[in-house]
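Survey of secondary and tertiary structure
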Amino acid sequence: MHVPNFRTNVMYDRATDLLYEVYCDTENLDQSHAMPLRKYALYIVRKITSAIIEHNKKKKCKLLNEVKGQIVAFRDESYELYQVGLIDGYMIDDIAEQLLKLINYQFKKMRKEI
């Protein structure tokens, strides 16, 4: 069975960009503020990778829906830190928005295949 190369996927690229931006923005924060954002970002990368290589459409949809929920929670958490002035959340929010659009595109693409 063919397993797609997830490293060439745009969703994976955007997710790793998000992870990089989170680590860059939170490097000067204390652990209590930085770790929740980092955990969200790492979870998002892992779930997107799992969804890309998944062949079962139901499992893929479930994984992508979980990622969407985590991205929304991640954006809420980063917005709180942005309001307090601890991070510059512009790039993080932009990449998260792009990820949501790519996930919705993936859903449309899967719907056309059915």
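For the structure itself, consult the block above.
The text that follows walks through the structure, step by step, so that each part is easy to find. Just so it is clear, the model here is predicted, and its values are computed rather than measured. (Residues numbered from 1 in each chain as written. Predicted model: local features only at pLDDT ≥ 70, side-chain atom pairs only at ≥ 80, totals over all residues. Heavy atoms only, no water.)

Details of the overall build of the protein
- Summing up its helical and strand segments, the protein has four helices and zero strands in all.
- The secondary structure elements of the protein, listed N-terminal to C-terminal, are α-α-α-α.
- Its C-alpha atoms give the protein a radius of gyration of 15 Å, near enough to 13 Å, the size a compact globule of 114 residues would have.
- Along the three orthogonal principal directions, the C-alpha set of the protein runs to about 45 × 20 × 20 Å. (Helix = DSSP H or I, 4+ residues; strand = E, 2+ residues; numbered from the N terminus. Rg over C-alpha atoms; globule rule 2.2 N^0.38 Å.)

Some thoughts on the nonpolar core
- Counting 31 residues, the largest nonpolar core has Leu18, Ile44, Ile48, Ile71 and Phe74 as its most contacted members.
- Within the residue set of this core, elements represented by two or more residues are helix H1 (10-25), helix H2 (31-53), helix H3 (57-84) and helix H4 (90-113).
- Those residues in contact with Ile48 that sit more than four places away from it in its chain are Met11, Tyr12, Ala15, Val67 and Leu99. (Core = buried A, V, L, I, M, F, W, Y, C linked by side-chain atoms within 4.5 Å. Buried < 20%, exposed > 50% of the residue type's maximum accessible area, 1.4 Å probe, protein only. Contact = heavy atoms within 4.5 Å.)

Focus on H1
- For H1, spanning 16 residues, the distance from its first C-alpha to its last is 22 Å, which sits close to the expected 22 Å at 1.5 Å a residue.
- Of all the positions in H1, only Met11, Tyr12, Ala15, Leu18, Leu19, Glu21 and Val22 are classed as buried.
- Where the residues of H1 are buried, they touch H2, H3 and H4.
- Two or three places before Met11, at the start of H1, stands the capping residue Asn9, its side-chain oxygen 2.7 Å from that residue's backbone nitrogen. (Expected span 1.5 Å × (residues − 1). Polar contact = N/O pair within 3.5 Å; in protein donor to acceptor, adjacent residues only side chain to side chain.)

As for H2
- Look at H2: 32 Å from first C-alpha to last across 23 residues, which is about the 33 Å you get at 1.5 Å a residue.
- All buried positions along H2 are accounted for by Ala34, Leu37, Arg38, Ala41, Ile44, Val45, Ile48, Thr49, Ala51 and Ile52.
- Where H2 is buried, its residues touch H1, H3 and H4.

Points about the packing of aromatic side chains
- Using the criterion set out here, one finds two aromatic pairs in the structure.
- When the centroid spacing of 6.3 Å and the interplanar angle of 75° are considered together, the rings of Tyr40 and Phe74 count as edge-to-face. One end of the pair, Tyr40, is in helix H2; the other, Phe74, is in helix H3, and 34 residues separate them in sequence.
- Both rings, one in Tyr79 and one in Tyr82, keep their centres 6.2 Å apart while their planes meet at 35°; by these two values the pair is tilted. On the criterion of helical spacing, the pair formed by Tyr79 and Tyr82 is a turn pair, its members being three residues apart in helix H3.
- Tyr82 sits in the partly exposed class, given a relative accessible area of 44%. (Phe/Tyr/Trp six-rings, centres within 6.5 Å; stacked < 30°, edge-to-face > 60°.)

Describing the packing of H1 against H4
- At a minimum axis distance of 9 Å, the contact between H1 and H4 shows a crossing angle of 160°. Between H1 and H4, the angle is such that the two are roughly antiparallel. Remark: the crossing between H1 and H4 carries left-handed chirality. From H1, Val10, Met11, Arg14, Ala15, Asp17, Leu18, Glu21, Val22 and Asp25 reach across to H4, where they touch Met91, Ile92, Ile95, Ala96, Gln98, Leu99, Leu102, Ile103 and Gln106.
- For the contact of H1 with H4, the class distribution of residues is 12 nonpolar, two polar and four charged. (Axes fitted to C-alpha atoms, helices over the stretch in contact; angles between N-to-C directions. Parallel < 35°, antiparallel > 145°, perpendicular 65-115°, else oblique. Left-handed = near helix turned anticlockwise from the far one by under 90°. Nonpolar A, V, L, I, M, F, W, Y, C, P; charged D, E, K, R; others polar.)

Distances and angles like these do not, on their own, reveal function.
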